[in-house]
Amino acid sequence: MGVIHKIGRRKTAVARVYVSEGTGNITVNKKEFATYFPTATLQYKVLQPLSMTENAGNFDIKVNVYGGGTTGQAEAVRMALARVMCEVNAENRGILKPEGLLTRDPRMVERKKFGQKKARKRFQFSKR
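First, a word on scope: everything that follows refers to the structure included in this document. (Residues numbered from 1 in each chain as written. Predicted model: local features only at pLDDT ≥ 70, side-chain atom pairs only at ≥ 80, totals over all residues. Heavy atoms only, no water.)

## Structural notes on helix H3 (residues 70-88)
End to end, H3 covers 27 Å across 19 residues, agreeing with the expected 27 Å (1.5 Å per residue, within 8%). Judged by how many residues are buried, H3 sits mostly within the fold: 14 of 19 residues are covered. (Helix = DSSP H or I, 4+ residues; strand = E, 2+ residues; numbered from the N terminus. Expected span 1.5 Å × (residues − 1). Buried < 20%, exposed > 50% of the residue type's maximum accessible area, 1.4 Å probe, protein only.)

Structure, rendered in structure tokens:
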């Protein structure tokens with residue numbers, strides 16, 4: 001099989017995933033998977049494509065992720081793993097696509113505008 005390399009993105013987080021056949025070891029930024037994503041919800045998000053396609057212990061996964069926060073990083077890793085599962089077996093696309101795991105979420109932070117407090121919030125107007 002070799003090594004499969006895919007990229008996933010979410011907000012400003014970018015995840016590069018390298019998948020090879022193995023025993024199920026997951027390394028994120030040279031750390032153990034459970035220490036990098038400590039909460040159960042983040043771990044569930046990352047493992048979702050593997051559990052849906054029933055490949056949880058079949059692959060060794062090495063992840064480089066940067067940018068954004070922990071949730072954005074977890075969802076970027078999830079997208080990259082979903083893309084890998086589609087390349088491993090084309091039938092997995094029918095499982096992952098209806099769940100929305102292959103769709104890039106386009107929502108980004110809106111920029112702050114000049115003359116305003118935040119992106120949409122304005123300075124208070126007081127008429128004396």
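Next, the rest of the story.
## A few points about the pairing of strand S2 (residues 13-21)
Here seven bridges tie strand S1 (residues 4-10) to S2, and the two strands are oriented antiparallel to one another. Directly across from Lys6, in S2, lies its bridge partner Val17. The antiparallel hairpin formed by S1 and S2 contains two residues in its connecting segment, where Lys11 sits at a positive phi of about 55 degrees. Across eight bridges, the pairing between S2 and strand S5 (residues 59-66) is antiparallel. By the bridge assignment, Val19 is partnered in S5 with Ile61. (Pairing = 2+ DSSP bridges.)

## Side note on the sheet that holds S2
Strands pair in a sheet through their backbones, by hydrogen bonds, and they do so in one of two ways: parallel or antiparallel. With mixed pairing, the five strands of this open sheet are ordered in space as S1-S2-S5-S3-S4. Two strands close off the open sheet at either side, each with one partner strand: S1 and strand S4 (31-32). The sheet contact formed by strand S3 (residues 26-28) and S5 spans three bridges and is parallel. Counterpart to Val28 in the pairing with S5 is Val63. With respect to the sheet, H3 is in contact with S1, S2 and S5, its orientation differing from that of S1 by roughly 140 degrees. (Contact = heavy atoms within 4.5 Å. Axes fitted to C-alpha atoms, helices over the stretch in contact; angles between N-to-C directions.)

## Observations regarding the side chain of Thr53
With respect to the helices, strands and loops of the structure, Thr53 is situated in the loop between helix H2 (40-52) and S5. Residue classification places Thr53 among the buried positions, given a relative accessible area of 9%. A polar contact is formed between the side chain of Thr53 and the backbone oxygen of Pro49, at a distance of 2.8 Å. Side-chain polar atoms of Thr53 contact the side chain of Asn55, separated by 3.2 Å. Among all residues touching Thr53, those that are not within four sequence positions of it are Met85, Asn92 and Leu96. (Polar contact = N/O pair within 3.5 Å; in protein donor to acceptor, adjacent residues only side chain to side chain.)

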